[in-house]
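Secondary and tertiary structure notes
In case you want the letters, here they are:
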Amino acid sequence: MKAWQPILTPSWVIGTFTILGILFLPIGYVLLEQSQGVEEVRVQYDGEGSDISSCAITEANEKKDCQVRREVPTLFCDKACLSSALSYTPPPPPPPPPAQVNIIATADMEEPVYLYYELSNFYQNHRRYVKSLSFKQLQGFIGEEYTADCTPLEKVANPDDPDGDKLLLSPCGLIANSLFNDVISLDESSELTMSEDGIAWDSDVEEKFVQPDGFQFNTCTSEAECCQKTEDENGVSVKWCGKSHQPYTDASGQLWEYYYPFDDSTQYLYESYPEVVSPIEGVKNEHFIVWMRTAGLPTFRKLYGVIDKDVKKGDVLTFNVQANFDVSRFKGTKSLVISTTSWFGGKNDFLGYSYIVVGVLCLLLGGIFAVKHMVNPRKLGDTRYLVWKEA
């Protein structure tokens, strides 16, 4: 097979290093300039070294400033532990006041301003964790045959019947059932609004994540009217509004009735994480979709919301945080980050410096080789006598 087989003469090597250096240096400078033009402020609110002690989940403040509703499943927890953690529902205490996280803008920030949550020491790239999900389930397929890839978390104990059959998780797996479930909102005192829509990829929302086959929902005008259907259009017996048999009320006060198939034998996402996911959204909840795109490093950020208004230097943004996600078990931390972006993305000085360092090294090597070639050249053989072995 024919191939390009260049002969690396001194001129070739010196020229190649010089050209690479000339290309890499301006690229690195532009990337670094763009990165340093991105403004961001980070505040840690939970974990060791936290800036805000009132928002850490500890025995002292549990169910006070912050509340633990469910421990996070980890790779060091066996099946029984995972099942117990997910199926246990404590008696509902009075809603605790959320902790407040104040972020002071250190520079003018042009809209859109993005809010991220940052986790550390959480290994979403662990092989067992990454493989623990069912793509078929996320596409709306229902049934135990679609949970084989979710090991070690396919079912949980039924809290209403601990000795009976377990409930099938939908969606199953470690990724879906370790969802970041802190509830973050922008306080009214900040005089700004934050949108939590449009934070996930359009392709994921429209194609990759689909509600279970047979899912239905409708608006209704009163609780007496809602959830009264007992048969579907084919005369099959159905139970609307889940195990609670109560309609869902959204933020505007609108009542919704909904139907999930096989609800008596399945625990759906809205039942596992009612503080984040509504029964109307289910797996199409954008916070869930963002979480399902696993990170490659143990310290990572994920988009939570967007502020579509300029933030001036010195402005104080107050976020109310209902802390539900426990990081103490894996010795991690939680932080809030507000940031702008450039045409290249978020803040990343490392990439610009990398290009500059490589460019300088290339020019340095090219210069060294050029001096060596001029001071003490090596006589080359006649390349016409080179004969390549034919295949």
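Figured I'd write up the structure that's included with this text. The numbers attached to residues start from 1 for each chain and follow its sequence in the written order. It should be noted that, the model being predicted, local features are given only for residues of pLDDT at least 70 and side-chain atom pairs only at 80 or more, the latter also being counted only at that level, while totals for whole chains, interfaces and linings use all residues. Hydrogen atoms and water are omitted, and side-chain values are computed over all heavy atoms in the structure.

1. As for the sheet that holds strand S3 (residues 113-120)
- Whether two strands pair comes down to DSSP finding at least two bridges between them. Each helix corresponds to a stretch of at least 4 residues labelled H or I by DSSP, and each strand to a stretch of at least 2 residues labelled E; elements are numbered beginning at the N terminus. Sheet architecture is open: four strands sit in the order S1-S13-S3-S11, paired in antiparallel fashion. This sheet does not close on itself; its edge strands, each paired only once, are strand S1 (40-47) and strand S11 (300-307). Within this sheet the neighbouring strands show an average axis-to-axis angle of 20°, counted without direction.
- Of the pairings in the sheet, the one linking S1 to strand S13 (residues 333-339) comprises seven bridges and is antiparallel in character. Looking at S13, one finds that Asp46 is bridged to Lys334. Axis definition: a line fitted to C-alpha atoms, limited for helices to the stretch in contact. Angles are taken between N-to-C directions and run from 0 to 180 degrees.

2. Describing a nonpolar patch on the surface
- Exposure above 30% relative accessible area and the lack of any salt bridge qualify a residue for a patch; like charges then connect within 9 Å, and the nonpolar side chains Val, Leu, Ile, Met, Phe, Trp and Tyr within 5 Å. To measure how exposed things are, a 1.4 Å probe is used in the Shrake-Rupley method; for residues, cover is taken only from the protein chains shown. Any carboxyl oxygen of Asp or Glu within 4 Å of a side-chain nitrogen of Lys or Arg constitutes a salt bridge here. A surface patch of nonpolar side chains, about 520 Å² in accessible area, is lined by Val357, Leu361, Leu364, Leu365, Ile368 and Phe369.
- Relative to the assigned elements, Leu365 resides in helix H8 (residues 349-375).

3. With respect to the sheet that holds strand S10 (residues 266-268)
- Judged by pairing direction, the sheet is mixed, and its three strands sit side by side in the order S4-S5-S10 without closing on themselves. Strands with a single pairing partner mark the edges of an open sheet, and in this sheet they are strand S4 (155-156) and S10.
- Judged from the two bridges that link them, S4 and strand S5 (residues 167-170) form a sheet pairing that is antiparallel. Counted as the bridge partner of Val156 is Leu167 from S5.

4. Focus on the pattern of salt bridges
- Overall, the coordinates contain nine salt bridges when judged by the stated rule.
- Between Glu40 and Arg301 there is a salt bridge, and its shortest N-O distance comes to 3.0 Å. Of this pair, Glu40 sits in strand S1 while Arg301 is found in strand S11, placing the two residues 261 residues apart along the sequence.
- Think of it in three bands: residues with accessible area under 20% of the maximum for their type are buried, residues over 50% are exposed, and the middle band is partly exposed, with areas taken using a 1.4 Å probe on protein chains only. For Glu40, a relative accessible area of 26% gives the class partly exposed.
- Residue classification places Arg301 among the partly exposed positions, given a relative accessible area of 34%.
- Measuring nitrogen to oxygen at the nearest pair gives 2.8 Å for the salt bridge that ties Arg293 to Asp204. Here Arg293 is found in the loop between helix H7 (286-292) and S11, whereas its partner Asp204 is found in helix H5 (residues 202-208), with 89 residues between them in sequence.
- A single salt-bridge network, built from bridges that share partners, covers Glu40, Arg42, Glu118 and Arg301.

5. Focus on the packing of aromatic side chains
- When two rings of Phe, Tyr or Trp (its six-membered ring) have centres within 6.5 Å they constitute a pair, described as stacked for plane angles under 30 degrees, edge-to-face for angles over 60, and tilted for the intermediate range. Applying the stated criterion to the full structure yields 25 aromatic pairs.
- With centroids separated by 5.7 Å and ring planes inclined at 45°, the aromatic side chains of Phe217 and Trp256 adopt a geometry described as tilted. Of this pair, Phe217 sits in strand S7 (residues 216-220) while Trp256 sits in strand S9 (residues 255-259), and the two are 39 residues apart along the sequence.
- Note on Phe217: relative accessible area 38%, which makes it partly exposed.
- Residues Trp343 and Phe344 carry aromatic rings whose centres are separated by 5.6 Å and whose planes lie at 75° to one another, so their mutual orientation is edge-to-face.
- Overall, the relative accessible area of 61% leaves Trp343 in the exposed class.
- For a Lys NZ or an Arg CZ to count as sitting over a ring, it must be within 6 Å of the ring centre and within 35 degrees of the ring normal. Between the NZ or CZ atom of Lys136 and the centre of the ring of Phe141, over which it lies, the distance is 4.6 Å.

6. A closer look at helix H1 (residues 10-36)
- Helix span, as expected, comes to 1.5 Å for every residue beyond the first. Between the first and last C-alpha of H1 there are 39 Å, a value that for 27 residues agrees with the 39 Å anticipated at 1.5 Å per step.
- When we look at burial in H1, the residues that qualify are Ile14, Gly21, Gly28, Leu31, Leu32 and Ser35.
- Looking at the packing, one finds that the buried side of H1 touches H8. Between two residues, a contact is recorded if the distance between any of their heavy atoms is within 4.5 Å.

7. Some points on the side chain of Ser342
- Looking at where Ser342 falls in the secondary structure, it is placed in the loop between S13 and H8.
- Residue classification places Ser342 among the buried positions, given a relative accessible area of 18%.
- Non-local contacts of Ser342, meaning those with residues more than four positions away in its chain, are made with Gln34 and Val38.

8. Focus on the packing of H1 against H8
- In contact at an axis separation of 7 Å, H1 and H8 are set at 155° when each is read in the N-to-C sense. On the basis of their axis angle, the class for H1 and H8 is roughly antiparallel. The two elements H1 and H8 cross, and the hand of that crossing is left-handed.
- Ten residue types, Ala, Val, Leu, Ile, Met, Phe, Trp, Tyr, Cys and Pro, are classed as nonpolar, four, Asp, Glu, Lys and Arg, as charged, and the remainder, Gly among them, as polar. Partitioning the contact of H1 with H8 into residue classes produces 23 nonpolar, nine polar and one charged. Note that the term roughly parallel is reserved for angles under 35 degrees, roughly antiparallel for angles over 145, roughly perpendicular for angles of 65 to 115, and oblique for everything else. Crossings are sorted by hand: turned counterclockwise from the far helix by less than a right angle, the near helix makes the crossing left-handed, and turned clockwise it makes it right-handed.

9. Topic: the side chain of Glu154
- Relative to the helices and strands, Glu154 is located in the loop between helix H4 (135-138) and S4.
- For Glu154, the side chain forms a polar contact with the side chain of Thr151, separated by 3.1 Å. Pairing of N or O atoms within 3.5 Å defines a polar contact, subject to two protein rules: one partner must be a possible hydrogen donor and the other a possible acceptor, and residues neighboring in sequence count only if both atoms are side-chain atoms.

10. Concerning the state of the cysteines
- Two cysteine sulfurs form what is called a disulfide whenever their separation falls within 2.5 Å. A complete count under the given rule lists three disulfides for this structure.
- What pairs with Cys227 in a disulfide is Cys241, and their sulfur atoms sit 1.8 Å apart. Residues Cys227 and Cys241 share a disulfide whose torsion about the S-S bond is about -75°; that sign makes it left-handed. With Cys227 in the loop between S7 and strand S8 (248-249) and Cys241 in the loop between S7 and S8, the pair connects residues that are 14 residues apart, well separated along the chain.

The analysis is restricted to geometry; functional conclusions fall outside its scope.
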